[in-house]
Structure formats: C-alpha cells, structure tokens
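Listed below, chain by chain, are the residues.
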Amino acid sequence: MRAHNFSLVCFFCLILLPFNAVSVNTLNESKIICERDITSETINYSISSPYIIEVNSDSDFVNLGFEGNGTEVSPYIIEDLQLEIDDDWNGIRVKQTTKHFVIRNCTINSLEIVTHAISIVDVADNTAIIENCIVYSGEYYGISISDSPGSIVRNCTIYDGTLSSGISENILFENNYVKNGNINVRVTNGVTLINNSVDKGRFTLSYNLGANYSTVNIVSNRINSKEMGFFAESKNLIIDSTYGRLDLIYCLNIQIKNLNFSHIDSGVTLTYCFNVQVENCTFQRNTFSLRIKDCRDVTITKCKIDHNSHGIYLGYCQRSTISDNIINSQYNNGMAIVTSQNTTVSNNQIIGNTLKGIHLQGYSTEMLIVNNSINQNDVGLQIEGVLNSQFLNNTCKGNIQYGFLIMNSTSTNYMFNTVLDNGFIGMYFFCLYSFAPYHYNSIIYNNISLNENYGLSIQGRYNDYMMGYEGFINSTIHHNIFIDNNLEGTSQAKDTAYNNSWYDPITLEGNFWSDLGNKAQYLIDGGAIDLYPLNRVEIVTTIISYEIAYFILLSTITLHVIVRRKKRRKSIYTKP
C-alpha cells in the first residue's frame, strides 16, 4: 500500500513539476490529512484510521519518518505540526509503544467536536512527554493519558477541552492552562500536579483509595483564579483561607469554615476523613456543593447551599450531623444520603429543589430526621430503605408530588410531622420490591392536611406465588389529623396492606377525620377501618428532644412485640 501510494505521489509530482506545485496525498479523495515540512521536503501521512497520525508500534515511529532513535537521550520527536481536524476525525494517538518520544510545539485545531486531539494509551513507563502544544479541541478531550505511568504533560494550552489522566502512576502535569474546559485526574501513587490552571471550567480529582498518598504532590494549582486546596493525611487543621475547590483525603480533626465556593465542579470533597466540621460556608452555582464519602463524625452546619446542580451528598458514612443549613433551589436533590448510619439531619431549610428535598437510599440505619422544613420540591422526602430510624417534627409543604415517599421502611417512627398541601399524596408508603414485607412502622401524631390526593396511602398485598404478604404490614397509625385530603374521593386515606392498626391498641383512640360526620367508624379505601376515630383535633405542638424520641421509638417497638405475643397466645388457645 505504501509503495503504491509512493508511486502515485511520484507520478503526480512529474506531471505537476512545470507548475512548481507541491503534491498532496489524500485518504478518501476528500480529506487532506496532514502536511509536515522537513528540510524543505513535504512528507504526507495517510493512515487508514480515524486519527491523522497514529503510532501503534515502535516501527511506526520509523515508518512515519520521525527524528530520533527512541532512546531517553534521543527520543522520537513529533514537533511543529499544524493540524486541522474536521469531519469526526482525531489528532495524534500513540499506543502500545516502548520507545521514548516527545510531542512538542504542535497546534491542533478541531473544526468539529472530536474524541481526542492528543491521546497516549498504554505506552511503556516514563517514555511519553507532551510539551508546548496548543489544542483547540471542540469541547471534548484535548490531551488524554491512559495506562501510561510516568507520562509528562507540561506547558500546554487547551481551549474548550479536557486535560485528563486515568489510572497512571507517577504522571506529571505541570504549567498547563485550560480555558473553557476541564482537568480530570485519577489520583494514584506518585501523581504530581504543579501550577496548572483552569479558567471557566472544572478541576476534578477522583481517587484510587489503595494509593500511597504520601507520594502525591498537588500544589499551586488554580481554578477560576483561586487556589485549589488539596490535603492528604493531614490532621489538626483550621482551613479558612480562600480556595476555589477543597479536597481532603485521609484527614483527621479538621475545621473548614467561612469559605465561599462558586462556579466549579465541586466545593468540598471529603474521602476517608474523620472528625471534620464544615461551618458557615457558601456554595453557589457549582456542580456539587459537598461530597462526603466513607467518612465518620462529619458535621455540616450553618451553610448556605444555593442554585447548584447537587446539594449535599453523603455516602457510606457514620455519625454525621447536618444541621441549620439553607439548601435552596438545587437542580437535582437538595440532599442525598446513601447507606449511612447514625446520621442526624436537623433544623435545615430545604426549599425549591428540582428533584427531592432529601433522598435516602441504600438502607440507612438509625437515622434521625428532625425539625426540617422540606417545602416546594418535586418530592419532599424520598426514602428507599431505612431501618430503626425516626422522622420527627418535619414540615413537608407544597411539594409538587409527595410530601413523604417511603419505598422501604422497617421499625421506623413518623411522628409530629406536618404534611400539607402537596400536589399528589401526602405520605405514600410504596412497595418497591416484590415480596418484601416492611414491619412495625409507627405513623402517629402527624398533621396531614389539604393534599390533592390521599393524605396517607399504604401499599401491600398477598403474594399468592410466594404465599406471603409484601408491602407495609404490622404498622400502627393513630392520633393523626386528616383535614380535607382527596376531596373528590371517598376517603382521605388508603390501605391495601395487612394487619395495620388504625388506632392505639392501648387507649383505643384512632385518628381525627374532618369528613367523619356522624359516623362511628371511618372507612378507609382498600378495606381498612378506623374503629375509634377521634371527634376532636389533637393539636400537638411539642418539639421533643432526641432522647425522648429514642424512648418513644423503643416503646413503640416493645408495644408491637407485646401485641404480637398476645395475638399468638390467643390463636394457640382459641378453638377453631
């Protein structure tokens, strides 16, 4: 193929020689691939791939005519190229080589959105250097390093694209500038980032948690004209300087206070940290405000979190406290909590978020959600798995769909909440998985009023195939106030589950229903009955302490056990 192309070039050169023209070799009769001048001679590359220049083996360096011999003192040199990329093509890729090479002083201009301008993939350790290049990358990857330890990128400029590295140890990014784009780095052993800058873009670090962070050096980098703070294996610090972004990993006893984060990908990221306090900080128009993962004893308090894509993310954490924050108008969730334990969320204003005010996922345990205002979101509080938890004295008002949407919940208290004027169902206990019974929930002393559909709906059924019940069963619902819910329906509540009690088995008191009238019992859609409806509104204004709340939860669980035992004895000794 190369011999044939060379013959064609010579033929056209002979024909066009009288016109003093320089020939151009084309790939598909319509693309000019690349021209590179060496000592006044034009060399044309034509490679049957989506890259203008593609090096897939050591021999390609020689075949393509690059200077050097591939040693450390005399690397192959790819330099002084002026490449224009269009029609879904890419620039330069070097892959699976063992020789030393340098890409320098090249300018790559993408006329369209391309996958990569310069790409280094799976080359031998410490063999790749990219320096003094300028890339206009069309909003995608400008320069990317993948599986190539010891690679160096320095003194490069990228417009509208990304400088990125996957899991590659001992890489060096130094003195690079990215405008209207991103720097994305997987931080692992020996990674060094020095004096890199992002303007109107993101500087994203992700972590290899098995790395030795004493070998990592991330200093003097800037994002949107502010320094990016990175702390690894630090302890006993007060961080109150101005940072554009703040990342901590394996840190202990840290105070972060009085900082302002805006227009970046992530404000504060904590990974494997212990005893960290974030206080009186402002997060505005970021992708993530706070990302907390695999941490213990983290406190987030008195922060303003406003108009970000995501508010607070808390994942796989223990003993966290989120209190007294204003979380307003996120484009996704105000707060997301995933598979965490002993978490307290209290006294927050969570208003006007596009998706959920609070989203609990992945079976969190011993949660205390108390005294929060969760209003005007799509869903106020969505729960996808909690155990032994409490939701006390929260207000869920004016949410577009649900005040509470509870998909899985066992041995959990819902008490003293105000669930008012929500666009669909006030509190919806929904069976998410087939044949999954959720037991011993208490829904008591709540004000459930003016919801467009049911004030309270509990879903469950008998599964003939599994010969058992699924959904929310053996729960207690009493002393709630139901006023003017589901005005166009026949009942303010619905219960299709099994063995739920709509009254207190000790006091024989049920719930207040605004549409009870002169009826002695209140019929609930789905077949349940409140046998002892109240004829007065029980107004409860007590804000209970955490200790009393835990006592009530323990008492409720004990009561359920006693009632079940009594029923079991009765069933044993009663004649058929």
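Refer to the structure printed above.
Attention in this report is confined to the structure presented alongside it. Fair warning: this is a prediction, and the values are worked out from it, not measured in the lab.

Observations regarding the overall build of the protein
When you go through the protein residue by residue, the secondary structure sums to three helices and 62 strands. Residue burial in the protein is summarised as follows: out of 576 residues, 50% are buried. Of the contacts made within the protein by residues no fewer than 6 positions apart, 45% connect residues no fewer than 24 positions apart. Carbon together with sulfur atoms contributes 49% to the accessible area of the protein, which is approximately 25,900 Å² in total.

Considering the packing of aromatic side chains
Counted according to the given criterion, the structure contains 21 aromatic pairs. Judged by centre distance (4.9 Å) and plane angle (80°), the ring pair of Tyr 503 and Tyr 532 falls under edge-to-face. Taken as a pair, Tyr 503 in the loop between β59 (493-495) and β60 (512-513) and Tyr 532 in the loop between β62 (529-530) and α3 (546-573) lie far apart in primary sequence, 29 residues in all. Feature note: the residues Tyr 207, Tyr 213, Phe 230, Tyr 250 and Tyr 272 constitute an aromatic cluster, connected by ring pairs. Arg 291 extends its terminal NZ or CZ atom over the ring of Phe 288, reaching a point 4.5 Å from the ring centre.

So, the sheet that holds strand β48 (residues 413-415)
Strand pairing in a sheet relies on backbone hydrogen bonds. The paired strands run either parallel or antiparallel. A sheet is described by the order of its strands in space; here eleven strands give the open sequence β25-β27-β30-β33-β36-β39-β42-β45-β48-β52-β57, paired in parallel fashion. Each having just a single partner strand, β25 (235-239) and β57 (476-478) make up the two edges of the open sheet. Adjacent strand axes in the sheet meet at a mean angle of 5° when their direction is disregarded.

Overview of a nonpolar patch on the surface
A cluster of nonpolar side chains, contributed by Leu 508, Leu 523, Ile 529, Leu 531 and Tyr 532, occupies part of the molecular surface with about 410 Å² of accessible area. Of the residues examined, Leu 508 reaches a relative accessible area of 40% and is grouped as partly exposed.

Digging into the environment of Asn 485
Within the secondary structure layout, Asn 485 lies in the loop between β58 (481-483) and β59. A relative accessible area of 2% places Asn 485 in the buried class. If we ignore the near neighbours within four places in the chain, the residues touching Asn 485 are Ile 448, Ser 449, Leu 450, Asn 451, Asn 453, Tyr 454, Gly 455 and Gln 492.

Calculation rules
The numbering scheme is per chain: residues are counted from 1 as the chain's sequence reads. At least 70 in pLDDT is required for a residue's local features to be given in this predicted model, at least 80 for side-chain atom pairs to be given and counted, and no such filter applies to totals for whole chains, interfaces and linings, which use all residues. The side-chain quantities take in all heavy atoms of the structure and omit both hydrogens and water. Starting at the N terminus, helices and strands are each numbered in turn, a helix being any DSSP run of H or I of at least four residues and a strand any DSSP run of E of at least two. For each residue, the accessible area found with a 1.4 Å probe, counting protein chains only, is set against the maximum for its type, and the residue is called buried under 20%, exposed over 50%, and partly exposed in between. Any two residues having at least one pair of non-hydrogen atoms within 4.5 Å are treated as being in contact. Per-residue and other accessible areas follow the Shrake-Rupley method at a 1.4 Å probe size, with only the shown protein chains counted as cover for residues. Here a Phe, Tyr or Trp ring, Trp counted by its six-membered ring, pairs with any other such ring whose centre lies within 6.5 Å, and the pair is stacked when the planes are under 30 degrees apart, edge-to-face when over 60, and tilted otherwise. In this scheme, Lys NZ or Arg CZ marks a charge over a ring once it lies within 6 Å of the ring centre and within 35 degrees of the ring normal. Here, a strand pair is defined by DSSP locating no fewer than two bridges between the strands. Axis geometry follows a simple rule: fit a line to the C-alpha atoms, using only the stretch in contact for helices, then measure angles between N-to-C directions, giving values from 0 to 180 degrees. Here a patch means residues that are over 30% exposed by relative accessible area and free of salt bridges, tied together within 9 Å if like-charged and within 5 Å if nonpolar (Val, Leu, Ile, Met, Phe, Trp, Tyr). A side-chain nitrogen of Lys or Arg and a carboxyl oxygen of Asp or Glu constitute a salt bridge if their distance falls within 4 Å.

None of the figures reported here should be taken as evidence of function without further support.
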